[in-house]
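Residue-level listing of the chains:
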Amino acid sequence: MYPSIHPSIHLSTLTSISSSPVIIYVHLAVQQLQTLCFLANFPLAKMAAQEVQPSETIAKLKSESEALKTKLEEERAKLHDVELHQVAEKVDPLGQFVMKTRRTLKGHGNKVLCMDWCKDKRRIVSSSQDGKVIVWDAFTTNKEHAVTMPCTWVMACAYAPSGCAVACGGLDNKCSVYPLSLDKNENLAAKKKSVAMHTNYLSACSFTNSDMQILTSSGDGTCALWDVESGQLLQSFHGHAADVLCLDLAPSETGNTFVSGGCDKKANVWDMRSGQCIQSFETHESDINSVRYYPSGDAFASGSDDATCRLYDLRADREVAIYSKESIIFGASSVDFSLSGRLLFGGYNDYTINVWDVLKGTRVSILFGHENRVSTLRVSPDGTAFCSGSWDHTLRVRE
Amino acid sequence: SKIRGDTVHEQSSVEAMVLEMQDSKSGVKSSEQKLNITSIPHVVTGQDILAWIANHMKVDAQEAQTIGTMLVAYGFIYPLQDHKKLILKPDVSLYRFQTPYFWPVQKWKADNTDYAIYLAKRNIRKKGTLDVYEQEYYKNLHKWLNHKWDFIVMQAKEQYRAGKERNKADRVVFDCQERAYWIVHRPPPRTHSAMDYGVDRLIDPNAEENKTFDYYRRIIIFTQQAIMRSKVKSTVSLGAILKHMTTYKDHDPFLAPCLPSNPWQTDDSSYWDLNMRNVEIPTKMRVERWSFSFFELLNDPRGRTDFKVFLKKEFSGENLAFWEAAEEMKWGTASSISEKAQTIFKTFLAPGAPRWINIDGRTMGLTVKGLEHPHRYVLDAAQTHIFMLMKKDTFYRYLKSPVYKDIQKKALSPAPHNFTPSQLEQNAQNRKPGINPIIIWQQEEEERAKAAAAAGPIDIKKLMASKLDRK
C-alpha cells in the first residue's frame, strides 16, 4: 500500500564545476518513483534512460543488483583496516559521572513527545499529546508561551535559529510556524503560518540555517524541504519504504546534507540540493526512532526499537559501533551527543537514560527518574546540560 | 515506533525471559496465597522477582527494578494488591504471571468492543463497581458503539453466565487476569502503562515492495554510485573522529568544568553572560575554539567579527562579504532569490564590480551564466571556491596575525566560582531571567541595517588605491 502524494514535478539544474559532469534531475510522481539520471559520460545513465528491453528479465537485473551489492561490500572491506575499539585503546577511560536533575518542568497535561533548545542555551520548546506546545525558560522554569494546536499528538517541534519563532506539527499532517511575541498576552495562533503539507502525520521538523526554510519528515514515507514565507515545496526526498520517524541536519561547513531514519530500518543520507539519497545504512533490526550527527559531521548515531544505538562512519561508509547491553531490552527513542562527541545520551522506552562512551562502546552511566518512557532528548547548544521529555508529562534538565 | 506502545522486536526476548521465570525448578519461587477468602496459586513476591532478574541478567538492584517495572507496565506480570500501580515493588507485595492469552501481542489489539463488553459485564455483575474513569469510558463507548450495543450486552451476559459456571478459585484468578489486562491497555489516570496506544504506523514495512524493473534499476544505480563514491580508510576516518574528541575534550562541559561555573549547577548565569553573541571581550576558551577550524570561527558571531577586523586591515573583505551574501541567498526566502542574485552580480561578479572577487575564469563564466536563471544553489561553485581560499590561506594568516594575538591577550579567563551552600541557595532563589532572544534579534537587525546603509555607494577610486597600495 503506497500513500498517494500529490505529484510534484520538479526540475532543478545543478551545475557543478571541476571534475563532476553536468547533472539534471527530473522528479516524477511518487507512484512511479523513477529518478531518471542523465549523467554525461556515465554509461549507466544510458541504461537507465532506455526503454524496457524485451530481452531484459527481472531475474537478470536482480542478479546484477546483487553482484553490485557484493562488490560494494568488497570495496568497503578493503578500506576497513581498523576497528573503533582498537583506536580507543590508546585513550584514557572516562571517570565516574554524577548527573543530577537540575530542573523538572511540569505543565504539560499529557505525554511530552518532542522538545528543542533555543540557541540562547536556556529556552526550550516542547510539545505533547494533548496538542499543547509550550515555550519555557528552562533556567527559571517560567512558561513564556503556550499554544494549543488544533490537533493531538504534536510529535514534532523546533525552535527557529533566530529565537523568534517555533515550528510544530503532528497528526494534522502539517508543519506550522508560530512567530513568538514579547507580549505575553498576545494570541500566537493568530499569526500562525501553515508551511508544510504531508499526506500523513508529521514525525519531525527542523529549521535549516535560517528561519526561512524547514525540513520535515512524515509518516507518508517522505522528507521535504519548504520555503517558510510562501509554503512552497522546494525539494522532496523519496526513498524510504515506510514511515520516516526522524531527521537531523549535518553541521558541516557546506551544510548541504541531512540524515533520516525510518520504520524500514534504514538510515539515509540525503543531498538537500538534488533530493538524491547519497548513502544508506541498513543494519538495525527494527524502527529507527532517532538520528543525530556527530559534532564534526563525519559520523552519525541512531537509536532504535531493537534496543541498540549505533554509530555510522560516513567517510568510510560503514557502521562502526553498536551500543547495547543484554539488560537493555527496550527500544531507544532518542539520542544526542555531548559537545565533544565523546558521550552519547540515549533515552529509552524503559524510562531510563543510558550514557555511552562513544569511543570505548561501554555504558558509563544509567539515569533514572522518569516515570514513563523517555520520548525525546537533546543536549543544549553549548553542551552545558541535556533535557529529556517523557510520557510522564514532564521534562527534566540534567547536567 | 515513536508513537505506538508495543513493538515486535522487544517481545520475543521478553517472552523468553518471562517463561524462564515461571520454570518450576529454576524460576521464581511461587506459593499459594489467600486473597480475601480465596486461595490463589502461583503467587510470587516483588522482591523474589527482582532477585531473580538481578541474578539472571547480572545487573544491580536499580536496573533489576527497571526491568521488573517494564514487565509489569507491559502486562507480563500483574500486581494483586494496589493493582492500578504498574510498578514492581521491591518488597513482599504479591504478583502473578499473566496468562499468555493476555500478553501484549501486536496482531491482536485491545479494541474498544472488547473493552465495552468487559465494562458491561462488570456492570451486570454488580452495579456501581465501575470507577469514575471507567464510567467515562463506558459513556463514550455507548456513544461510539451504539450501533452494536445489543451485541455487546449479549456478549457480556453470555460471558457473565459462563463465568458463573467456573469454580470460585478459577473465577477469581481469571477476574484478576482480565482486570490486569485492561489496566494495562486502558490505564486509569496517573497510571503509567507501557501499552498506551497512539497512532498506528501508516506503511507496513514488512510488505513486500513490488519488485519491478524500476525497483532493481534504482538499486543498481544507487549501488554503482556508492561504489564510485570516494571512501577513506577506517584509520583515517576513525582517526578524525578521535581527533575531534581530543580537540574538544576541555570544551565539553560534561568532561571539563566550565568557567566560572555551569549555570545549571550553581544557578549563576555568568557563564552565559560572558559568552553572549557579540560580547566585547570574549573568553580565552572561546578564542581558542576559533583556532580549531575555519568553520568554528565563522559560526561564532564574535569570531566572525574578529575575522572581519583582520580582513579590513588586509583590504580583502570582499571574499567574506561574497560568502555571506551567497549564504543569505541559499537560506533565504524563495521570493528574494532573483533580487539577491542581481545585487550579488553587480557587487561581486560584474566586470569592474566594486567588490570584485577573484575566482578562476571557468567558475566565473559558469556562475554568471547560471545567474541568468538564478536558483538558490547557483552560487555554490563560486562560494565553495571562495570558502576554500579563505580556509586554506586567509584563516591561517589570521591565526598568525596581530589581530588574533591581540584578542588572545585581551581574552578573559574567569576564576572558578566557589559558592557556599547558603550562597547556592541564594542563587536558586534569584535566577536571572536573561534577555529575550527576540530583543537580541531586533538589535542585530538594526545593526545590520545600519551597516548596509553605511556601506552605501563605494568610492571605487579609494578602494583601487588601497588595493594598489597592498600590491
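What counts and what doesn't
Residues numbered from 1 in each chain as written. Chains lettered and ligands numbered in written order. Predicted model: local features only at pLDDT ≥ 70, side-chain atom pairs only at ≥ 80, totals over all residues. Heavy atoms only, no water. Helix = DSSP H or I, 4+ residues; strand = E, 2+ residues; numbered from the N terminus. Rg over C-alpha atoms; globule rule 2.2 N^0.38 Å. Buried < 20%, exposed > 50% of the residue type's maximum accessible area, 1.4 Å probe, protein only. Contact = heavy atoms within 4.5 Å. Areas by Shrake-Rupley, 256 points an atom, 1.4 Å probe, with all protein chains shown as cover. Lys, Arg positive; Asp, Glu negative; His and termini not counted. Charge placed at Lys NZ, Arg CZ, Asp CG, Glu CD. UniProt positions renumbered as here; feature names shortened; annotations may be inferred. Core = buried A, V, L, I, M, F, W, Y, C linked by side-chain atoms within 4.5 Å. Buried area = accessible area lost by both parts, 1.4 Å probe. Salt bridge = Lys/Arg side-chain N within 4 Å of Asp/Glu carboxyl O. Polar contact = N/O pair within 3.5 Å; in protein donor to acceptor, adjacent residues only side chain to side chain. Nonpolar A, V, L, I, M, F, W, Y, C, P; charged D, E, K, R; others polar.

### Quick look at the overall build of chain B
The secondary structure content of chain B amounts to 22 helices and four strands. Taken against the 2.2 N^0.38 rule, which gives 23 Å for 471 residues, the C-alpha radius of gyration of chain B at 35 Å runs more than 25% over that of a compact globule. Seen through its principal axes, chain B has C-alpha atoms that stretch 105 × 70 × 50 Å. By residue count, 45% of the 471 residues in chain B fall in the buried class. The contacts of chain B with a sequence gap of at least 6 include a subset with a gap of at least 24, amounting to 62%. A total accessible area of about 25,100 Å² is found for chain B, and carbon and sulfur atoms account for 55% of it. A gap of 2 Å separates the mean positions of the 70 positive and 56 negative side-chain charges of chain B.

### Description of the UniProt feature "domain: RGS" (unreviewed entry) in chain B
Per the UniProt record, the feature "domain: RGS" (unreviewed entry) sits at residues 293-408 of chain B. With 74% helix and 0% strand, the stretch residues 293-408 of chain B has end C-alpha atoms that lie 16 Å from each other.

### Things to note about the nonpolar core
Residues and elements named next belong to chain B. Core analysis: the largest hydrophobic core is formed by 51 residues, its most contacted members being Met17, Met21, Ile49, Ile53, Leu71 and Ile77. Looking at this core, the elements that each hand over two or more residues are α1 (8-21), α2 (46-57), α3 (61-73), β4 (94-97), α4 (112-125), α5 (132-144), α6 (149-164) and α7 (168-185). Non-local contacts of Ile77, meaning those with residues more than four positions away in its chain, are made with Met21, Ile49, Leu71, Val72, Tyr95, Arg96, Phe97 and Gln98.

### Overview of the interface of chain B and chain A
Facing the 114 residues of chain B at the interface are 152 residues of chain A. With both sides pooled, the region where chain B packs onto chain A buries about 11,700 Å², and carbon together with sulfur makes up 64% of that total. Between chain B and chain A we count four salt bridges in total. A salt bridge links B:Arg376 to A:Asp227, with the shortest nitrogen-to-oxygen separation between them at 3.9 Å. Our enumeration of links across chain B and chain A arrives at 26 residue pairs in polar contact (both at pLDDT 80 or more). Sorting elements by how many residues they give to the side of chain B that touches chain A places helix α8 (residues 213-228) of chain B first, with 15 residues. Split into classes, the residues belonging to the side of chain B that touches chain A amount to 54 nonpolar, 33 polar and 27 charged.

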